[in-house]
Amino acid sequence: MRTVTCECGAVYEVTETKVPFRDRDNFNCDRCGEEVERWNGSTIPSFRLIAGPPEKSGDAE
Ligand SMILES: [Zn+2]
């Protein structure tokens with residue numbers, strides 16, 4: 001397990017899943033819309049926001 005931090009300060013927990021096909025996609029930050037990561041292959045990351053820039057949040061998972 002690893003984390004990535006967006007330039008806006010949002011921190012995402014990354015879970016990687018092996019899939020039997022090739023996927024090319026990218027993930028943009030929920031908060032600022034910047035691209036956080038892109039991938040091209042059969043290991044697909046999924047992102048969960050674990051810490052964000054200071055902001056009111058009703059996010060309980
Ligand atoms: Zn961001």
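Residues numbered from 1 in each chain as written. Predicted model: local features only at pLDDT ≥ 70, side-chain atom pairs only at ≥ 80, totals over all residues. Heavy atoms only, no water.

What is the right way to read the sheet that holds strand E2 (residues 11–28) from this model?
Strand pairs in the sheet, formed through backbone hydrogen bonds, run parallel or antiparallel to each other. Pairing is antiparallel in the open sheet, where three strands are placed in the order E1-E2-E3. Looking at the sheet topology across the chains shown, the edges are occupied by strand E1 (2–5) and strand E3 (35–51). Sheet twist, expressed as the average angle between the axes of neighbouring strands with direction ignored, equals 45°. Here E1 pairs with E2 via four bridges, running antiparallel. In the sheet register, threonine 3 faces E2, and the bridge partner there is glutamate 13. (Pairing = 2+ DSSP bridges. Helix = DSSP H or I, 4+ residues; strand = E, 2+ residues; numbered from the N terminus. Axes fitted to C-alpha atoms, helices over the stretch in contact; angles between N-to-C directions.)

How should I be thinking about the nonpolar core in this particular structure?
In a soluble, globular protein the nonpolar side chains are often hidden away together inside. Within the largest apolar cluster, twelve residues are counted, these being Val4, Cys6, Ala10, Tyr12, Val14, Val19, Phe27, Cys29, Trp39, Ile44, Phe47 and Leu49. Elements with a minimum of two residues in this core: E2 and E3. The residues contacting phenylalanine 27, other than those within four sequence positions of it, are Tyr12, Glu34, Glu35, Val36, Glu37, Trp39 and Phe47. (Core = buried A, V, L, I, M, F, W, Y, C linked by side-chain atoms within 4.5 Å. Buried < 20%, exposed > 50% of the residue type's maximum accessible area, 1.4 Å probe, protein only. Contact = heavy atoms within 4.5 Å.)

Got a minute to help me understand the packing of aromatic side chains in this structure?
Each aromatic ring pair is characterised by the separation of its centres together with the angle its planes make. Across all of its chains, the model carries four aromatic pairs by this definition. Seen in terms of ring centroids, tyrosine 12 and phenylalanine 47 are 6.4 Å apart; in terms of plane orientation they differ by 85°. Their pairing is edge-to-face. Residue tyrosine 12 is located in strand E2, and its partner phenylalanine 47 is located in strand E3; the two are separated by 35 residues in the primary sequence. Of the two residues examined, tyrosine 12 and phenylalanine 47, each falls in the buried class. Look at phenylalanine 27 and phenylalanine 47: their rings are 4.1 Å apart centre to centre, the planes differ by 10°, and that puts the pair in the stacked class. (Phe/Tyr/Trp six-rings, centres within 6.5 Å; stacked < 30°, edge-to-face > 60°.)

That is the geometry; function is a separate question.
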